[in-house]
Amino acid sequence: YLLHGAGGDEEAWSSMGRTAQILDNLIQKGLAKPMIVVMPNGNPNQQAAQTFGLPTTEYDWRNPENRNLYVKSLVEEIVPFIEKNYRTVAKKSHRAIAGLSMGGMHTLMITANYPDMFNYIGLYSSGVDFTLIEKGEVPAYANFDGKLAKLAQTNPKLYWIACGSADGLMPANKQLTERMTKNGLKYTFHESSRGHLWSNWRQYSLMFIPQLFK
């Protein structure tokens, strides 16, 4: 499950992330296992990418109640749909999730709230918002330390975090790793050069994907 960032949609990882080409090359070289990649639309007000011209609905992203929508939808609607309609192995050991920026925040919260769902977790330049976390107004963000500690107990096989040295989100990502260490959650942190760029996120996929399902 590969999640896009703010301003993106289900086409972003294909068009700008070059995911198909990256996967094809890694698999052809024997560096990655064949896998199904699900790239959903993480904008609750959209039916699909805006290039389809479908009507959108009014959506107040500032409303704390709306902050739970995608976290819940991915686990309780999207994953069951995929596992019903595609040849998957419906076990934690055969599920991976990663996301960039906003999608990284979604990935963080999905795995914190559903610790038994994913065994491989990747945060690319994650849009961690500690202001929202500390306020505790959003149920999915509440009791953050407790949720990290519970996730640590499930012992995910890989928790991989990457961020660019010039990325404005680096301080928040460093703070996140400190909270993970505090709560006993093991992770790998990669600091690249440059900032909040697709060139980094494509590189992160090249590094993260070969570690999956092994």
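Notes on the structure follow.

Digging into the pattern of salt bridges
Turning to step 1, where the next piece is worked out: Evaluated as defined, the whole model comprises five salt bridges.
Turning to step 2, where the next piece is worked out: Ionic pairing is found between Glu 134 and Arg 179, a salt bridge with its closest N-O pair at 2.8 Å. Residue Glu 134 is located in helix H5 (residues 130-135), and its partner Arg 179 is located in helix H7 (residues 170-182); the two are separated by 45 residues in the primary sequence.
Turning to step 3, where the next piece is worked out: Judged by its relative accessible area of 49%, Glu 134 is partly exposed.
Turning to step 4, where the next piece is worked out: Across the pair Lys 182 and Asp 145 runs a salt bridge, and its minimum N-O distance is 4.0 Å. Of this pair, Lys 182 sits in helix H7 while Asp 145 sits in helix H6 (residues 144-154); the two residues are 37 residues apart in sequence, bridging distant segments of the chain.
Turning to step 5, where the next piece is worked out: Taking relative accessible area as the criterion, Asp 145 reaches 21% and is therefore assigned partly exposed.
Turning to step 6, where the next piece is worked out: When salt bridges that share partners are traced, they join Glu 134, Asp 145, Arg 179 and Lys 182 into one network.

Considerations on the sheet that holds strand E1 (residues 2-3)
Turning to step 1, where the next piece is worked out: The strand order E1-E2-E3-E4-E5 describes an open sheet built from five strands, whose pairing is parallel. Of all the strands in the sheet, the pair left with one neighbour each is E1 and strand E5 (188-192).
Turning to step 2, where the next piece is worked out: Examined bridge by bridge, E1 and strand E2 (residues 96-100) share two bridges and lie parallel to one another. Its bridge partner lying in E2, Leu 3 is registered against Gly 99.
Turning to step 3, where the next piece is worked out: Those strands touched by helix H8 (residues 198-208) are E2, strand E3 (120-124), strand E4 (158-164) and E5, and its axis lies near 155° from that of E4.

Remarks on the pairing of E4
Turning to step 1, where the next piece is worked out: With seven of its seven residues buried, E4 lies for the most part within the structure.
Turning to step 2, where the next piece is worked out: Here E4 shows a buried face lined by Leu 158, Trp 160, Ala 162 and Gly 164 and a second buried face lined by Tyr 159, Ile 161 and Cys 163.
Turning to step 3, where the next piece is worked out: Where E3 meets E4, five bridges bridge the pair, whose relative direction is parallel. The residue bridging Ile 121 from the neighbouring strand is Tyr 159, located in E4.
Turning to step 4, where the next piece is worked out: At this point the chain moves from E4, through H7, to the parallel E5, and the crossover so formed is right-handed.

Topic: the environment of Lys 186
Turning to step 1, where the next piece is worked out: With respect to the helices, strands and loops of the structure, Lys 186 is situated in the loop between H7 and E5.
Turning to step 2, where the next piece is worked out: With 27 residues separating them along the chain, Lys 186 and Tyr 159 place their C-alpha atoms 7.0 Å apart.

Focus: a nonpolar patch on the surface
Turning to step 1, where the next piece is worked out: Where nonpolar side chains cluster on the molecular surface, the patch consists of Ile 36, Phe 81 and Tyr 86 and spans about 330 Å² of accessible area.
Turning to step 2, where the next piece is worked out: Residue placement: Tyr 86 occurs in the loop between helix H3 (69-85) and E2.
Turning to step 3, where the next piece is worked out: For Tyr 86, a relative accessible area of 45% corresponds to the partly exposed category.

What counts as what
Residues numbered from 1 in each chain as written. Predicted model: local features only at pLDDT ≥ 70, side-chain atom pairs only at ≥ 80, totals over all residues. Heavy atoms only, no water. Salt bridge = Lys/Arg side-chain N within 4 Å of Asp/Glu carboxyl O. Helix = DSSP H or I, 4+ residues; strand = E, 2+ residues; numbered from the N terminus. Buried < 20%, exposed > 50% of the residue type's maximum accessible area, 1.4 Å probe, protein only. Pairing = 2+ DSSP bridges. Contact = heavy atoms within 4.5 Å. Axes fitted to C-alpha atoms, helices over the stretch in contact; angles between N-to-C directions. Right-handed = clockwise from strand over helix to strand, strands pointing away. Patch = residues over 30% accessible without salt bridge, like charges linked within 9 Å, V, L, I, M, F, W, Y side chains within 5 Å. Areas by Shrake-Rupley, 256 points an atom, 1.4 Å probe, with all protein chains shown as cover.

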